[in-house]
Amino acid sequence: MQPADIARIAQISDPRVSPDGRQVAFVVTHVDMAENTYRSGVWLAAADGSSPPQPFSAGEHGDGQPRWSPDGRRLAFTSRRGTDEHPTLHVAPVDGPGEVRTICERPEAIEDPAWSPDGARIAFTSRERTARFDEPEEKARPPRRIDRLVTRLDGEGWIVDRPRSVFVVAVDGSGPPTLVAGGPYDHGAPSWSPDSATIAVTADRTPDWDLTPILADVLLVDPTGSSEPRALTRRTFAHRLPSWSPDGTRIAVLAEDSRIIHSHTQVAVVDVASGEETVLTAALDRQCAPMPGARQPVWDGDDLVLSWEDAGNVHVGRVPATGGDVATVVGGELWVTGHDLAGGTLAFTAATATALPELFVLDRDGTRRRLTTAGDAFHAAVPPRAPEHFTVGSPAGDGEIDAWLMRPAEPAGEHTPVLLSIHGGPMTQYGNSWFDEFQMWTGAGYAVVYCNPHGSTGGTEAWARAIRAPEAEEWPGTGWGGVDADDVLAVLDAALAANPDLDPDRVGVLGGSYGGYLTSWLIGHTDRFVAACSERAVNNLESLEWASDVAGMFRFEIGVDHVRHPEVYRRMSPITYVRDVTTPVLILHSDDDLRCPADQADQLFVALRLLGKPVEYHRFAGESHALSRSGSPRHRVRRAELILEWFARHLGGRAPETPA
């Protein structure tokens, strides 16, 4: 695979099953390189595979989020067909006569559409602009009033004057949307009660919520907006993605104890009458909000269908809503990126290490039927490389590290140069999912080594919490740059020892976000790497805690705050050890990165430059923290080219091919 091949990738996502279980709506996204953008459309597939999938929408305006009406005769979906491509909400008949009806247009994104069970209304979330925006000219607007933390979000910009609110609109388009739960608080996705009389949402609407762990309650909202939302829960967890039971007595929800980060997200059930809640998945001891792929629990009778991460995979299973063991329904070496169940049909999108996500349904006998072939042409033209899984005992002596080695089809030299890739997060995982970057690196002649060190998800909660600071009062660990750094080096050593065809004298290291952090950390503590690429990295934890979009929240992850314990943050910061760096470093960052602001890269570059160290720095305009995943197509291609050019220069791998 070459960087230019990014333009050929089609992605399938967001499966939604019709109420009768006979059809599946889903979204297909592809790259428009000429316009430097992404196009997405809604498609329909027969669940029994009796006919090939067909497009439902044109796919020219960013169509997505398909949602079936309760009677299965209509689909709602979002688009950008409004004035100046403003976000819009549409309803269209699935079969029979009728046209696409635009029922709502807004200046902000429309998200999480949910039909009322009576089919008359749709609730959704959208950012609500305050009176400050009444003045059309930015330079004439009054200044933003900032009186809390978390005022911006990466990829969205300022939110302090644009709270995420809940609206309800009539399906017949007879009137404008009604605001039913608004600012200054941010609200989560809505779920209707079976009688269409109440909406469940999540939000933390307590005073000074930003100074305490964010513990979003489940709220009950009047869909007419005539009364204030009422909290059902009592600040026990950070709740999100509620799902009302068919009998209206319970609400299933994803719940996380954000007082200690990392805490696994659990599936819980809240009793509507009493507000009492029961956690159903604690014994599973796995993360139940995969990224990507997290969605609201799905009711199936008295069971709940959910997904979770496990050792580099994402599975789907079910658990009784009254409590009990979680049973695996879709397992194996794969990564489920989305799922839905209705009318007895379970549909899911899933990728493997060698295949892009496709749409499947699970027959009643457990057979998986594949409904789409979106990636076949791409994989035929760009044959994927398969990884080899292995495990290494952690130097901490508390478990096995899941690791993988992916070899190139054509090594760059008699002995193969190696790239050690470190994932972001740190609370994410690598695993059995097709990853464009690994395919490109192997395409250039490198072997790629990757793993899930302490701090990763996919394992126990204790494993993910192991890198909290030693000074933390609860769950103290080694801190960032402790056992996690030991783990990735142990995996690299094991791969080199077991594979004499790998070249120990030509090893590079790279990673983004937390992976960039650990890259910067390692080159300040060892000279074993020939070259490094530190991307959108954390280089100074202390300044990150006052400059990030989630400034003030890292104290729940580190275990102490930077005001009372600045020495802890400085000790764990790669910038502290910059004078010890001898490895040539490529720094990549985005101008509009709010999660790890660009000064994180500036600090590393300025220090290395003043010290006369070998360093090269590239900044991408108009991009956020998610450049490598959802940045503009041309920037994604150029980013990959820069990485390959850098390592070709230092490790002797192949430079990227120039398209004809």
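Quick note: structure is the one above.
Residues numbered from 1 in each chain as written. Predicted model: local features only at pLDDT ≥ 70, side-chain atom pairs only at ≥ 80, totals over all residues. Heavy atoms only, no water.

## Remarks on empty space enclosed by the protein
Space left empty within the atom packing is revealed by a probe, the size of a water molecule, rolled over the atoms. Applied cut-off: Throughout, the protein atoms alone are placed on a 1 Å grid, and a set of points is a cavity if a 1.4 Å probe fits but cannot get out or a pocket if it is open with protein on both sides within 12 Å along at least five of seven lines; lining residues have an atom within 4 Å of a point. Grid points are joined across faces, edges and corners, and a volume is the space filled by probe spheres set on the points. Amino acids are sorted into nonpolar (Ala, Val, Leu, Ile, Met, Phe, Trp, Tyr, Cys and Pro), charged (Asp, Glu, Lys and Arg) and polar (every other residue, Gly among them).
What the rule picks out here adds up to one cavity of 30 Å³ or more. Residue lining of the largest cavity: Ile261, His262, Met427, Ala464, Arg465, Ile467, Arg468, Trp480 and Glu557, and that is the complete set. Here the lining of the largest cavity is built from residues that sort into five nonpolar, one polar and three charged.

## Quick notes on the packing of helix H4 (residues 483-498) against helix H5 (residues 514-523)
Test applied: All axes here are fitted lines through C-alpha atoms, helices being fitted over the stretch that makes contact, and every angle between N-to-C directions spans 0 to 180 degrees. Elements are defined by DSSP. Helices are runs of H or I of four residues or more, strands are runs of E of two residues or more, and each kind is numbered from the N terminus. By the definition adopted for this analysis, an angle is roughly parallel if under 35 degrees, roughly antiparallel if over 145, roughly perpendicular if from 65 to 115, and oblique otherwise. Any two residues having at least one pair of non-hydrogen atoms within 4.5 Å are treated as being in contact.
Where H4 meets H5, the closest approach of the two axes is 11 Å, and the angle between their N-to-C directions is 80°. Taken as axis vectors, H4 and H5 run roughly perpendicular relative to one another. Of the residues in H5, those in contact with Asp484, Ala485, Val488 and Leu489 of H4 are Tyr514, Leu518, Trp521 and Leu522. Residue composition of the contact of H4 with H5, grouped by class: seven nonpolar, no polar and one charged.

## Some words on the pattern of salt bridges
Applied cut-off: Take a side-chain nitrogen of Lys or Arg and a carboxyl oxygen of Asp or Glu: if they are within 4 Å of each other, that pair is a salt bridge. Exposed residues in this analysis have more than 50% of their type's maximum accessible area, buried residues have under 20%, and partly exposed residues fall in between, with area computed by a 1.4 Å probe over protein chains only.
Here the structure, examined in full by the defined rule, presents 48 salt bridges. Residues glutamate 138 and arginine 141 are paired through a salt bridge, measuring 2.7 Å at the closest nitrogen-oxygen approach. Overall, arginine 141 belongs to the buried group, its relative accessible area being 17%. One salt bridge in this structure joins arginine 318 and aspartate 303, with 3.3 Å as the shortest N-O distance. Here arginine 318 is found in strand S25 (residues 313-320), whereas its partner aspartate 303 is found in strand S24 (residues 303-310), with 15 residues between them in sequence. Look at arginine 318 and you get partly exposed, because its relative accessible area is 23%. Residues joined in a network through salt bridges with shared partners are Arg132, Glu138, Arg141, Arg144 and Asp161.

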